[in-house]
Amino acid sequence: MDLETAQAVVFETLQRATSQNSEVLKPAEQKLKEWETVPGFYTILFNIFSTHSVDVNVRWLAVLYIKNGIDRYWRKNAPNAISEEEKATIRRNIITNFREPVNQIATQLAVLISKIARLDCPREWAELIPTLLTAVKSEDALEQHRALLTLYHVIKALSSKRLLGDRRLFHELTANVYNFILNLWDSHTCLAINQLQSVGHSDSEVTKSLENAMLSLRILTKMTVQGLKKPNEFPDANTFLKMVFERAKTMLICRRSTKEPVTTQVERCIIKLTKVLLSLLENHPLSFVDSLPETLTFTVHYAFTPEGEPLLFERFLIQCLNLLKGILLCPEYKPAKIIEETKEPDTLRAHQIKITFFETTILNAMCRKLITQYFLLTPQDLQQWDTDPEGFVTDEGGECWKYSLRPCTETLFLALFHEFRETLTPLLLQLITQIHGPVDPHDLPAILAKDAVYNAVGIAAFDLYDEVNFDEWFTTTLQAELQIRAGNYRVVRRRVAWLLGQWTGVKLSCELRPTLYAAMLPLLQPQEDIAVRLTACSTIKNAVDDFEFNTEQFLEYLDPLFGLLFSLLKEVHECDTKMHVLGVLSFVVERVGVAIRPHANALVQYLPLLWQESVDHNMLRCAIVSTLVHLVKALGTLSESAMMSEFLLLVIQLSTDTQQPSHVYLLEDGLELWLTLLENSTAMSQPLLLLYNNMNPLLEGSTENLRTCFYIIQAYILLAPDLFLQVIYLFKNFIYPIFF
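Residues numbered from 1 in each chain as written. Predicted model: local features only at pLDDT ≥ 70, side-chain atom pairs only at ≥ 80, totals over all residues. Heavy atoms only, no water.

Undergrad: Before we move on, could you go through the environment of C269 and cite the residues and values that matter?
TA: Here C269 is to be found in helix 12 (residues 262-283). In this structure C269 comes out as buried when scored by relative accessible area, which is 4%. Note: C-alpha distance between C269 and M214 (55 residues apart in sequence) is 6.1 Å. If we skip the residues at most four places from it in the chain, C269 touches L210, M214, L217 and M251. (Helix = DSSP H or I, 4+ residues; strand = E, 2+ residues; numbered from the N terminus. Buried < 20%, exposed > 50% of the residue type's maximum accessible area, 1.4 Å probe, protein only. Contact = heavy atoms within 4.5 Å.)

Structure representation (structure tokens):
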């Protein structure tokens, strides 16, 4: 078959592979899969997606197939590797034209080139970088943009290589082209700013200039962070950092006079500029010391002064606050306790810069604004509380502080207060005094102010240990505020419940634990606001999880609290919320042990229903299995009741069956439940014996849970040695020789 005929056949197959009819689609996909290892296949794909007159869907599919083929067959030692001649042809032709008209295909093409570059550049593809550097200077706007896009992905791919030889080559590349890229970025940025500041330019023109500026900025950032060992010793990098601050200030001013869609593009540019500073701080903290004074001045000006506030937008504010937090927490900026032992001069210099900048006036202004402005619940927060209380209460974990304003402000406040506790404590105590005592239930601003201060006191609980008599505050003020039901006081009730949870493990005397349990009972009642109930649920978890938890004190309140928590579990709807409440119930069961027996019947009856409802939520099922483990341990032989035994066997069967997709999530907890059930069984039942059929695949698979599997086998032998070993022998199980 000649090349032209082969290309026509592949083209027709690609057309069928874009069909919506599965009867046409699946055979075409199978045929394309068979051709993946046929010599010349990727050259044909290249010819097809390089022809701009071909249908976009066909070209899109062709570029995806060649991109996937590079992942599998481009390496020399790969099975069925693409021949060197075919690779050379593709490399030579793929960079002859940077005029791809379709944005999505252009992006895929840029990624495709970067994948080849990561394997072949510069040794087998020395002409790639010079060709791209020439193309980015083109007068043709489309060609210039596509070349910039490709150069960015190539630099990104090369910067990700970690072998020493590859790192050295990337450092050499950076040193050779850094000045060129810096000037390129500067020219694109100046053009975009001039267009923003003048009239007569269309939105599309400004957007294209901003896109080019962002692409060149991304390239420059990769080179600065990954391509320079010590950026502060590279003059062009120092010039770049100074320009970052200037360009950000200019664009913040320009943004005020723009309209969509240009505003969004300008904001993206500003965020990219601040990400340069964050990346350098994270990867080269000692090289960043020279930029510390300007960074501190820049961020504090916009985030905490009246002059900078009009220029703010939320994502930029988050970036500023994260920069401040990064500087405060950076370990390289913290000298040893005995400063003379710190040998790194840049560490001492950074510490001195921080101490000099964060003087009392600035610290008090920052702390006051964080509490009195950034901590306040917004109208949007209150609206979410009304429409989606479960989502409002859900605690965002992980690194949400990088992207969400409220967690960002709270983590910055904690870092700031911990670093400068002696300076900021008097201010916080003053704010507590100002909002001390109940406020008018209908005065929403006063309620929100109280909520913000209480939030600060909870966040800084450990640092306020010696400053706040929490026992007295709880008994004289907080307990009374929990009983106010009118107006908007639900905000305060929720915050006080949260505050009690924060301080329980810090400074709440053992004698007041029963008072705490009693205070939570009204907050868990069905007529209470759902957000308040969920917060009280979390407080119960914190109280029970405390080192000084006393089971005897808790038993008096076990029946009503467990019943109310169970009612809450049935009422909430979101999967995450059910997991949280079930986790609290499970923890209570674990801590009180056998004392839960009189109260567990309702939960035992509800869990099978919840198991059926959670068929699509494996993480909720994990929580159910974990709860069952604690229940079986607490109930002991009572778990052998007919109804519960049947449910337990069903859960273990599903959790430990390697043929079930959900076993990936449930296996570890399922094995623990299996072992716990055996340990609390008095006799071997036929269903329990048949459950052992799931063991062989587990033993033949991963060794991750092998210890638990052997414990289960041991439990079988101890529970019914004759019967179990007879079954093992009859089924010729390979475990039999291990024990004999």
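Undergrad: Quick rundown of helix 22 (residues 470-481)? Include the residues and the values.
TA: When helix 22 is considered as a whole, its buried residues turn out to be F470, W473, F474, T477, L478 and E481. Along helix 22, the residues classed as buried sweep out an arc of 135 degrees about the axis, all on the same side. The inward-facing, buried residues of helix 22 abut helix 20 (421-434), helix 21 (444-459), helix 23 (490-507) and helix 24 (513-523). (Arc of directions from axis to C-beta.)

Undergrad: Could you give an account of unusual backbone geometry, with specific residues and numbers?
TA: Note that the residue after C121, namely P122, is joined by a cis bond; omega there is 5 degrees. By the element assignment, P122 lies in the loop between helix 6 (103-120) and helix 7 (128-135). For the bond from E260 to P261, the omega torsion is 5 degrees, close enough to zero to count as cis. Note that P261 resides in the loop between helix 11 (235-255) and helix 12.

Undergrad: Break down the nonpolar core for me, citing the residues and quoting the values.
TA: If you look at the biggest cluster of nonpolar residues, it comprises 260 residues, and the most contacted ones within it are F413, W674 and Y716. Not counting the four nearest positions on each side in its chain, Y716 is found in contact with W674, L678, M684, L688, L689, L691, Y692, P721 and F724. (Core = buried A, V, L, I, M, F, W, Y, C linked by side-chain atoms within 4.5 Å.)

Undergrad: Before we move on, can you summarise the side chain of R255 with the specific residues and values?
TA: Residue placement: R255 occurs in helix 11. The buried category is assigned to R255, whose relative accessible area is 17%. In contact with R255, not counting residues within four places along its chain, are T263, V266, E267, I270, L311, L312 and F313.

Undergrad: Residues and numbers for the state of the cysteines, please.
TA: The final tally for this structure, using the stated rule, is zero disulfides. As a non-bridged cysteine, C254 has C269 as the owner of its nearest cysteine sulfur, 11 Å distant. (Disulfide = S-S within 2.5 Å.)

Undergrad: Give me the packing of helix 23 against helix 24: which residues, what numbers.
TA: Helix-helix packing is described using two parameters, namely the angle between the two axes and the distance between the axes. Where helix 23 meets helix 24, the closest approach of the two axes is 12 Å, and the angle between their N-to-C directions is 150 degrees. Accordingly, the angle class assigned to the pair helix 23 and helix 24 is roughly antiparallel. Judged by the sense of rotation from one axis to the other, the crossing of helix 23 with helix 24 is left-handed. Within the contact between the two elements, helix 23 uses R493, A497, L500 and T504 and helix 24 uses R513, L516, M520 and L523. Residue classes in the contact of helix 23 with helix 24 are distributed as five nonpolar, one polar and two charged. (Axes fitted to C-alpha atoms, helices over the stretch in contact; angles between N-to-C directions. Parallel < 35°, antiparallel > 145°, perpendicular 65-115°, else oblique. Left-handed = near helix turned anticlockwise from the far one by under 90°. Nonpolar A, V, L, I, M, F, W, Y, C, P; charged D, E, K, R; others polar.)

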